[in-house]
Amino acid sequence: MDATLSQLLESIDLIPTGDLQSLSGGDIAAVYRLDTRQGQVVIKHDDAARLLGEAEGLRTLRSACEQLVVPEVLGLSAGWLVIESLNTVPGGPQSSAALGEGLRGLHGVIGDAHGWHQDNACGRTPQSNAPLSDGRAFQRERRLLPLCDACYQQGLLDSELRGRIERLAQDLESWLPDAPPSLLHGDLWSGNVLFTTKGPAIIDPAVYRHYPEVDLAMLTLFGSPGEAFFDAYWNGDAPADWPRREALFQLYPLLNHLLLFGGGYRSTVERSVMRLATYA
């Protein structure tokens, strides 16, 4: 076992009873399960700055969430993060509704500005969270334009598609109202939602404050959390412009997938841009 990890485990009074066991789903970080005399834990090994941001995000969500389970941070040191292990169970309509209620509660935690007091990462991509008072400006200047430029510089976008994205970003004030910034998970794709014996749980955050539809759009990016979830989340009718907001807030993670995983996502980005353009 790595010496730094051994020292970390000793400092938090965990005594291993076996070797690290790799877990699936660690596309960015290496993720392991470890049995100890004190119980099972989950261990991540990654860039130290990314893990620092993740640990802070977990602590923030854990203190803010009343209805969602967030694993406890047990220890952090030099590229190793030790967190509570959760006992998962199959999901269903009741647990999906509980997820919707819990996420609505999280999004009810409002801050003063869009952004966060420190930068973090979405996957491997550095994510600037320098605060701005206007949500449209934040989405444009901190999300869409930097990632659009990064994809263009890597040859993943041509100038025509880049220009279309830039025009969409510049046009946000024409239709998207400014709104108070909600506390977000920030990377809430379906793989970062677990159903556990204690209730729905969220893991692997990239926390900041912004429009709440950011989290909803991530949840629908590769599927849907289901009708029970949305009935509970909206607690009534969905906003009339939800489809347009969904398309907008899916564009950033799709650009991130293009940047991280290559040209196979270019057509998906283009379809998202075309979908947004139909609302203009």
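Residues numbered from 1 in each chain as written. Predicted model: local features only at pLDDT ≥ 70, side-chain atom pairs only at ≥ 80, totals over all residues. Heavy atoms only, no water.

Caption draft 1: Spatial organisation of empty space enclosed by the protein. Tallying each qualifying case throughout the model produces 2 cavities of 30 Å³ or more. There is about 90 Å³ of room inside the largest cavity. Considering the residues around the largest cavity, the lining is formed by Cys122, Gln139, Arg143, Gly186, Tyr208, His210, Val214, Met218, Phe249, Tyr252 and Pro253. Taken together, the elements giving at least two residues each to the lining of the largest cavity come down to helix H4 (135-153), strand S11 (208-210), helix H6 (213-219) and helix H8 (242-261). Grouping the amino acids of the lining of the largest cavity by side-chain chemistry returns 7 nonpolar, 3 polar and 1 charged. By volume, the second largest cavity amounts to about 60 Å³. Along the walls of the second largest cavity sit Leu168, Asp171, Leu172, Trp175, Arg244, Leu248, Leu276 and Ala280, which together make up its complete lining. Looking at the lining of the second largest cavity residue by residue, the classes come out as 6 nonpolar, no polar and 2 charged. (1 Å grid on protein atoms, 1.4 Å probe; cavity = no way out; pocket = protein on both sides within 12 Å on 5 of 7 lines; lining within 4 Å. Points joined across faces, edges and corners; volume = space filled by probe spheres on them. Helix = DSSP H or I, 4+ residues; strand = E, 2+ residues; numbered from the N terminus. Nonpolar A, V, L, I, M, F, W, Y, C, P; charged D, E, K, R; others polar.)

Caption draft 2: The arrangement of the environment of Arg245 in detail. Turning to its location among the elements, Arg245 is positioned in helix H8. What Arg245 contacts, discounting residues up to four positions off in sequence, is Trp175, Leu176, Pro177, Tyr211 and Glu213. Within polar-contact distance, the side chain of Arg245 engages the side chain of Glu213 at 3.3 Å. (Contact = heavy atoms within 4.5 Å. Polar contact = N/O pair within 3.5 Å; in protein donor to acceptor, adjacent residues only side chain to side chain.)

Caption draft 3: Molecular detail of the packing of helix H5 (residues 159-170) against helix H9 (residues 266-277). Between H5 and H9, the least distance of the axes is 11 Å, while the angle of their chain directions is 40°. By the angle between their axes, H5 is oblique relative to H9. The two elements H5 and H9 meet at a crossing, and its hand is left-handed. On H9, the residues that touch Leu161, Arg164, Ile165 and Leu168 of H5 are Arg266, Val269, Glu270, Val273, Met274 and Leu276. Grouping the amino acids of the contact of H5 with H9 by side-chain chemistry returns 7 nonpolar, no polar and 3 charged. (Axes fitted to C-alpha atoms, helices over the stretch in contact; angles between N-to-C directions. Parallel < 35°, antiparallel > 145°, perpendicular 65-115°, else oblique. Left-handed = near helix turned anticlockwise from the far one by under 90°.)

Caption draft 4: Just the sheet that holds strand S5 (residues 80-84), in detail. With antiparallel pairing, 5 strands are arranged side by side in an open sheet as S1-S2-S3-S5-S4. Whereas interior strands pair on both sides, the edge strands pair on one side only; in this sheet they are strand S1 (21-22) and strand S4 (73-77). Where strand S2 (residues 30-36) and strand S3 (residues 39-45) come together, 7 bridges link them in antiparallel fashion. When the sheet's bridge partners are listed, Val31 is paired in S3 with Lys44. (Pairing = 2+ DSSP bridges.)

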